[in-house]
Amino acid sequence: MFWHNFKYSIKTLARNKMLLFWTFAFPIILGTLFSMAFSGVENGEKLDIINIAIVESEYFNDDEIFNETFKNLSDENNESRLFNITYTDLDNSKQMLEDEKIVGYLEFKENDVDITVKSSGVNETILKLVVDEVISQKKMIETLITKEIENTISSGNFNVDYDQIYNNVINVIASSEANLNNISSDNLSYIMIEFYTLIAMAALYGGVISMFITNYKLANMSAVGKRTSITPIHKGSMLLGSLLASYFVQLIGMGLLFLYTIFVLNVDYGSNLLLVILLALVGSLAGLALGVFVATIFKTNENTKMGILIAFTMLCSFLSGMMGITMKYVVDKNIPILNIINPASMITDGFYSLYYYDTLDRFYFNLISLIIFSALMIFISYSGLRRQKYDSI
Amino acid sequence: MTVFKTFWKVIIKYKGTILLYTILLVVFGTLNMASNDTSTVFVDSKPNILIVNNDVYEGVTKNLIDYLQNNTNIVEVEDNEEARDDALFYRDVNYIIYINEGYRDDVLNGLNPVIDIKTTGDYQASLAQMILEKYIKVQNSYLADITDENELIAAINNNLEEESKIQINSTVDTATTSRLARYFNFASYSIMAAVIFIICLVLSSFHEKTVNKRIIISSMNYRKHNQLILTSSFLYSVIVWILYVVLGVILFGDALFNLRGFIYILNTFVFTFCALTIAILISTLVKNKDTVSGIVNVVALGSAFLCGAFVPTELLPDTVLNIAHVLPAYWYINSNELLANIEAINFNTLQPIFINSLVIIGFAILFIVINNIILKKKQIVG
């Protein structure tokens, strides 16, 4: 009887096209849209080569340090190239700034340089920072040379070799680079969170399937439910068969979504594939439990149940960052309890911890939270479902 | 009148959905409004950073931290590595600087100690790194000649306090206009969803088999019935348009009461009309309510994602934008962006916007034609 029920549940589910659209196709479509829309976002945030103009003048040509620095920073072979420079006259520079072809232009005067930009911004600040740095270097050279000369003279040597001192100072400055060591993780692509919330949403959407199949078994929901309720079959085994069938269908959908996101959309789930699968299995279980819960606890018609389930799923996905990744962080930081009890966030955070963290504590915390959530939902539904009797329907 | 009344009765049933899209518009269409203040005085951009100081807060270490505090935004995060890593991942901070134990002594001994950093690699992080590198470079250079700590600090600060002169040369207040553009860009999604979704649902109620049969045998002329339905749909779209314009006026006030604002409003009308024709076409193609919600979600979300209603167009890859050309929302959003950057509004500068509007009207006509062809075919079959 169990297998009979299992088989027919699968058949019923496979015939419901709308159900399959929302649980199978919709996440895939949404994922494709995410990938198309967000693929450029992170690259757009990288520092681009900044277009600037320098007003040609004798002051600029005479200023060796400025000349060298900007030549170096705009050299195409330089790995840390910062600028693309147009050398032109003042009117043209103004026009280019007006047309937003450049971020700003430099105008050299006697012992002075003016920067003109169109607005405040990061690129503008970088331009200013570079000019500041050159000014600071010039000052440094002056101070250091004076100091060197003083030192030479005070040591009793009046035969000062100016060239030698100048070269020394330039060498000192050139070898004064900071000693930075980058220890950040390679996996820093925050767009991934979008896809993790998508998986979370799909997992919870799976609840629609289990809700549909539970409604099918409830005497107060459908004619089929009435008929199956009066058969002399143990309700537990019948429900179990149906729910296993819905879990099975759900996992097929989840599998397709994973294959699609991994091979077509190039989503990175980190390196621990087994744990990724485990999380997907438990996440789907949470969706299933949620569906059964909504189906049994809310005594209302099918459409309202559907509305409740979808609204809850969307709210959870929203809080876990689907409509804006910052949302998850803001909630995590300020109202952590909200995301600790939010199943979508448990799933998202589980994938995130697999992707970003080397340790697994956080992952297991999320996994266990999900299991507790599912168990709780199933337990409540079970107590609601057992020994149901109807005086009239 | 019966048809007209029924139409509105069904619409009222879906007021929750309309409210939802309106709330989305208010929340997301205005999200970035707080930032980006306009000013004619240059303000340095300050990257968000975190400093983890494992050394004493004295001498050169203190001076480094003070310098960073003046030139960056120090973000408050819980004092553990996980919170810091989260903050970095979600771009709450762009750069984390770890000052190791013994930093001060190592600097004074001329060892150029290693500074561990974590970076998001974006332009904010590059800026933070430049600020840090600049400071360290000055410090290291002076160390060649100065060994006394106080003297060193004085020399560094003296050197760094010099700043270049920078001025802003701008004529339009692009911040306000781009906020307007952002609002109307997002409105393209709300309009599409609210107009197409609701009209399709309402029309599918009329198309329901039993209802439809009763309508057919009624004494009402079928032409008149159709006309009433179309008029009501049109009226509903106009109401949605007015609602979002009024909302815009509430949010932006004066910024809409000028020629630029007028063109924004007009453009939005053209787009709303196009959304209406899409709605009618979809409702002709699909009768089933469940299918309608599937199709509408895909159409509205798809065009919003691909055309730049959610993500600014300059961040979308070229291939996506090329695909987006076949969607009316692309032309509407393109007009919004253009309009935000026009300095002098006159016939010449408005030309591309007129062309965009013509394209949108072209789409609308196309949808109407397709709709009529399908209707005709269906009549013959029926």
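Thresholds, definitions, all that
Residues numbered from 1 in each chain as written. Chains lettered and ligands numbered in written order. Predicted model: local features only at pLDDT ≥ 70, side-chain atom pairs only at ≥ 80, totals over all residues. Helix = DSSP H or I, 4+ residues; strand = E, 2+ residues; numbered from the N terminus. Rg over C-alpha atoms; globule rule 2.2 N^0.38 Å. Buried ≥ 20, exposed ≤ 12 C-beta atoms within 10 Å, placed from the backbone. Contact = placed C-beta atoms within 7 Å. Nonpolar A, V, L, I, M, F, W, Y, C, P; charged D, E, K, R; others polar. Pairing = 2+ DSSP bridges. Axes fitted to C-alpha atoms, helices over the stretch in contact; angles between N-to-C directions. Parallel < 35°, antiparallel > 145°, perpendicular 65-115°, else oblique. Domains from an automatic or database assignment. Left-handed = near helix turned anticlockwise from the far one by under 90°.

**Q** How should the overall build of chain B be read in this particular structure?
**A** Of regular secondary structure, chain B possesses 15 helices and five strands. The C-alpha radius of gyration computed for chain B amounts to 30 Å, which surpasses the reference 21 Å derived for 382 residues by more than 25%, pointing to a less compact arrangement than a globule. For the C-alpha atoms alone, the extent of chain B along its principal axes is close to 105 × 50 × 35 Å. For chain B, the residues scored as buried account for 39% of the 382 residues in total. Partitioning the contacts of chain B with sequence separation of at least 6, the portion at a separation of at least 24 is 77%.

**Q** What should I look at first to understand the interface of chain B and chain A in this one?
**A** Each partner contributes to the interface: chain B provides 64 residues, whereas chain A provides 58 residues. Those elements giving two or more residues to the side of chain B that touches chain A turn out to be helix H4 (81-89), strand S4 (115-119), helix H6 (123-143), helix H7 (149-160), strand S5 (165-168) and helix H12 (289-307) of chain B. With 14 residues, H6(B) is the single largest residue contributor to the side of chain B that touches chain A. Looking at the side of chain B that touches chain A residue by residue, the class counts come to 31 nonpolar, 18 polar and 15 charged. Sheet topology note: the strand S4 (residues 112-117) of chain A/S5(B) ladder contains four bridges and is parallel. When the bridges of S5(B) are listed, Val117(A) appears paired with Ile168(B).

**Q** Before we go on, may I ask you to explain the pairing of S4(A) in this structure?
**A** Looking along a regular strand, one sees side chains alternate from face to face of the sheet. All names here are of chain A. Bridge count between strand S3 (residues 104-109) and S4: six bridges; the pairing is antiparallel. Residue pairing in the sheet places Leu106 in a bridge with Ile115 of S4. Hairpin connection of S3 to S4: two residues between the antiparallel strands, including Asn111 at a positive phi of 55 degrees.

**Q** Help me out: how do you make sense of the packing of helix H12 (residues 273-297) of chain A against helix H16 (residues 343-356) of chain A in this one?
**A** All names here are of chain A. Where H12 meets H16, the axes come as close as 10 Å, and the angle between the chain directions of the two elements is 180 degrees. Between H12 and H16, the interaxial angle falls into the category roughly antiparallel. On the side of H12, the interface is formed by Leu275, Val276, Leu279, Gly283, Ala286 and Leu290, while H16 contributes Pro343, Ile347, Gly350, Phe351 and Leu354. Of the residues assigned to the contact of H12 with H16, the class counts are nine nonpolar, two polar and no charged.

**Q** Would you explain the sheet that holds strand S3 (residues 95-99) of chain B in this entry?
**A** Whenever strands of a sheet pair, they do so through backbone hydrogen bonds, lying parallel or antiparallel. Strand order in this open sheet of five strands is S5(A)-S4(B)-S3(B)-S1(B)-S2(B), and the pairing throughout is mixed. Only two strands of the sheet have a single partner each, and these edge strands are strand S5 (180-182) of chain A together with strand S2 (73-74) of chain B. Across five bridges, strand S1 (residues 48-53) of chain B lies against S3(B) in parallel orientation. Counted as the bridge partner of Leu50(B) is Ile96(B) from S3(B). Relative to the sheet, H6(B) contacts S1, S3 and S4 of chain B, its axis offset from that of S3(B) by approximately 30 degrees.

**Q** Can you walk me through the domain arrangement of chain A in this structure?
**A** Where interface size is given, it is often the accessible area lost as the parts come together that is meant. Split into domains, chain A comes out as domain 1 (8-39 + 191-385) and domain 2 (48-174). One C-alpha centre belongs to domain 1 of chain A, the other to domain 2 of chain A, and the line joining them spans 59 Å.

**Q** What should I look at first to understand the packing of H16(A) against helix H17 (residues 361-385) of chain A in this one?
**A** When two helices pack together, their arrangement is given by the angle between their axes and by how far apart the axes lie. All names here are of chain A. Relative to each other, H16 and H17 sit at 155 degrees, their axes nearing to 8 Å. Between H16 and H17, the interaxial angle falls into the category roughly antiparallel. Note on packing geometry: the crossing formed by H16 with H17 is left-handed. For the pair H16 and H17, the contacting residues are Pro343, Met346, Ile347, Asp349, Gly350, Ser353 and Leu354 in the first and Arg362, Phe363, Asn366, Leu367, Ser369, Leu370 and Phe373 in the second. Counted by class, the contact of H16 with H17 contains eight nonpolar, four polar and two charged residues.

**Q** I'm lost on the environment of Ile263(B) in this one. Help?
**A** Residue and element names in this part refer to chain B. Inspection of the secondary structure puts Ile263 in helix H11 (residues 259-285). Separated by 33 residues in sequence, Ile263 and Val296 place their C-alpha atoms 28 Å apart. In this structure Ile263 touches Leu339 and Ile353, once residues within four positions along its chain are discounted.

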